[in-house]
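Examination of the molecular architecture
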Amino acid sequence: MSRLHLKSNPTLADIQQYVRDMEAERGFEDSHISQNCLFLVEEVGELIKSIRKSHLGLRNDPAKHYDENTAGEIADILIFLVTIANRLTIDIEKAFREKEEVNKQRTWQ
Ligand SMILES: [Mg+2]
């Protein structure tokens, strides 16, 4: 029985803590960052495959813009992205804010 719980309207810090707890519960906390990088790329491939199939008219529900499977792949990517950030002790919200301040100064063509 899992003891994991993600509160409603979580912050990025909450999600980072959830993934930390999830890795501890599942015994993944010692997995090497290079392995997590490979998993991230694998999940990106799964997302693109899911989108490709969806655009080929193979969507389960044609009324929706995406398949549940595609949403799941987005979640998988987030999990591995957060795992990598956690390994490097990167505060994702802080990194996002700082990078966006840089991006705001750029000229976009
Ligand atoms: Mg996946």
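Residues numbered from 1 in each chain as written. Predicted model: local features only at pLDDT ≥ 70, side-chain atom pairs only at ≥ 80, totals over all residues. Heavy atoms only, no water.

Examining the overall build of the protein chain
The cut-off we apply is this: For helices the rule is a DSSP run of H or I covering at least 4 residues; for strands it is a run of E covering at least 2, with both sets numbered from the N terminus onward. Type-normalised accessible area, obtained with a 1.4 Å probe on protein chains alone, sets the label of each residue: buried when under 20%, exposed when over 50%, and partly exposed for intermediate values. Residue-level accessible areas treat just the shown protein chains as cover; the underlying method is Shrake-Rupley with a 1.4 Å probe.
For the protein chain, the helix and strand inventory stands at 4 helices and 0 strands. The order of helices and strands in the protein chain, counted from the N terminus, is α-α-α-α. Buried positions account for 22% of the 109 residues belonging to the protein chain. For the protein chain, the exposed area adds up to about 8400 Å²; of that, 58% sits on carbon and sulfur atoms.

Some thoughts on the environment of R87
Basically, it comes down to this: The criterion used for residue contact is that any of the two residues' heavy atoms lie within 4.5 Å.
Residue placement: R87 occurs in helix α3 (residues 68-87). Once the C-alpha coordinates of R87 and R97 are considered, the two residues, 10 residues apart in sequence, prove to be 20 Å apart. Non-local contacts of R87, meaning those with residues more than four positions away in its chain, are made with E23, F28, E29, D30, S31, I33 and N36.

Observations concerning the coordination of the magnesium ion
For the record, the criterion: For Na, K and Ca the donor cutoff is 3.2 Å, while for all other metals N, O and S atoms count as donors only within 2.8 Å; water does not appear among the atoms, so some sites may look incomplete.
All of the protein donors around the magnesium ion are E43 (OE), E46 (OE), E73 (OE) and D76 (OD); their distances to the metal are 2.1 to 2.2 Å. For the magnesium ion, the donor residues sit on a single chain with the sequence spacing E-x2-E-x26-E-x2-D. Residue E46 is located in helix α2 (residues 33-58), and its partner E73 is located in helix α3; the two are separated by 27 residues in the primary sequence. A relative accessible area of 29% places E46 in the partly exposed class.

A look at the packing of aromatic side chains
Going by this rule: Centre distance within 6.5 Å is the pairing criterion for rings of Phe, Tyr and Trp, where only the six-membered ring of Trp is used; planes under 30 degrees apart are then read as stacked, over 60 as edge-to-face, and the remainder as tilted. Put simply, a charge is over a ring when the Lys NZ or the Arg CZ is close to the ring centre, within 6 Å, and near the line of the ring normal, within 35 degrees.
Inspection of every chain in the model, using the stated rule, returns 1 aromatic pair. Above the face of the W108 ring, R106 is positioned so that its terminal group lies 4.0 Å from the ring centre.

Brief notes about the pattern of salt bridges
Applicable threshold: For this analysis, a salt bridge means a side-chain nitrogen from Lys or Arg found within 4 Å of a carboxyl oxygen belonging to Asp or Glu.
Under the defined criterion, the tally for this structure stands at 5 salt bridges. Among the ionic pairs, K7 bridges to D14, the shortest N-O distance being 3.4 Å. Owing to a relative accessible area of 47%, K7 belongs among the partly exposed residues under this scheme. In this structure, R87 and E23 form a salt bridge, with 2.8 Å as the shortest nitrogen-oxygen distance. You can see R87 sitting in helix α3 and its partner E23 sitting in helix α1 (residues 12-26), a full 64 residues away along the chain. The exposure class assigned to E23 is buried, which follows from its relative accessible area of 5%.

By themselves, these observations are geometric and do not establish any function.
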